[in-house]
Amino acid sequence: MSIYDVIKKPLITEKAVDMKEKNNQVSFSVHPKANKKEIKNAVEELFEVKVKDVKTMNFKGKKKRFGLNIGRRDDWKKAVVMLEDDQKLEFV
């Protein structure tokens, strides 16, 4: 799996922005089969920062109704990456 497959997109929510300002942590949506080492290497190579810690969470897809059909959203994985104290990461 290449580093471009590991990280899908950054998560920019109110909680993620608050964590970024207070704790120097950044949230990403990642590939469900990616492990912590792959996530750490991908963030360090793509954004050229030093990673201190990686925490991951798995989310099950919600059941949704599409007209008469009942479907399910995809399962996904979230990674919270803590950067070293002297490192910064800006998306915009």
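Each remark here, short or long, concerns the structure printed above.
Residues numbered from 1 in each chain as written. Predicted model: local features only at pLDDT ≥ 70, side-chain atom pairs only at ≥ 80, totals over all residues. Heavy atoms only, no water.

So, about the sheet that holds strand 2 (residues 25-30). Pairing between sheet strands relies on hydrogen bonds along the backbone, with the strands arranged either parallel or antiparallel. Across the sheet, which stays open at both edges, the 4 strands sit in the order 1-2-6-3 with antiparallel pairing between neighbours. Lying at the two open borders of the sheet, with one neighbouring strand each, are strand 1 (7-10) and strand 3 (51-59). Strand-to-strand twist in this sheet, taken as the mean axis angle between neighbours without regard to direction, amounts to 30°. Where strand 1 and strand 2 come together, 3 bridges link them in antiparallel fashion. Each residue of the ladder has a partner; that of Ile-7, found in strand 2, is Val-30. Helix 2 (residues 14-23) rests against strand 2 and strand 6 (76-83) of the sheet, and its axis sits at about 140° to strand 2. Contacting strand 1, strand 2, strand 3 and strand 6, helix 3 (residues 36-47) crosses the sheet at an angle of about 125° to strand 3. (Pairing = 2+ DSSP bridges. Helix = DSSP H or I, 4+ residues; strand = E, 2+ residues; numbered from the N terminus. Axes fitted to C-alpha atoms, helices over the stretch in contact; angles between N-to-C directions. Contact = heavy atoms within 4.5 Å.)

Okay, the environment of Val-49 next. Its location among the elements puts Val-49 in the loop between helix 3 and strand 3. According to the relative accessible area criterion, Val-49 is buried, its value standing at 6%. Each C-alpha atom, one on Val-49 and one on Phe-28, is 15 Å from the other, the two residues being 21 residues apart in sequence. (Buried < 20%, exposed > 50% of the residue type's maximum accessible area, 1.4 Å probe, protein only.)

What follows concerns the pairing of strand 5 (residues 69-72). Sheet analysis places strand 4 (residues 63-66) next to strand 5, joined by 4 bridges and oriented antiparallel. Residue Phe-66 lies in a different strand from strand 5, and its bridge partner there is Asn-69. Turn length for the strand 4-strand 5 hairpin, with the two strands adjacent in sequence and antiparallel, is 2 residues, and the turn residue Gly-67 shows positive phi of about 70°.

The next thing to look at is the pattern of salt bridges. Per the stated rule, a full pass over the model turns up 3 salt bridges. The shortest N-O distance in the salt bridge between Glu-90 and Lys-20 comes to 3.7 Å. Placement of Glu-90 in the segment after strand 6 and of Lys-20 in helix 2 is noted, with a sequence separation of 70 residues between them. Assessed through its relative accessible area of 25%, Lys-20 is described here as partly exposed. (Salt bridge = Lys/Arg side-chain N within 4 Å of Asp/Glu carboxyl O.)

Once that is clear, we can look at the packing of aromatic side chains. One pair of aromatic rings is described through two measures. These are the centre distance and the angle between the planes. This model, assessed by the stated rule, comprises 2 aromatic pairs. A centroid spacing of 5.7 Å and a plane angle of 25° characterise the contact between Phe-28 and Phe-47, whose relative ring orientation is stacked. Of this pair, Phe-28 sits in strand 2 while Phe-47 sits in helix 3, and the two are 19 residues apart along the sequence. Judged by relative accessible area, Phe-47 falls into the partly exposed class, the value being 29%. Ring centres of Phe-59 and Trp-76 lie 4.5 Å apart, and the angle between their planes is 15°; this geometry places the pair in the stacked category. Of this pair, Phe-59 sits in strand 3 while Trp-76 is found in strand 6, placing the two residues 17 residues apart along the sequence. (Phe/Tyr/Trp six-rings, centres within 6.5 Å; stacked < 30°, edge-to-face > 60°.)

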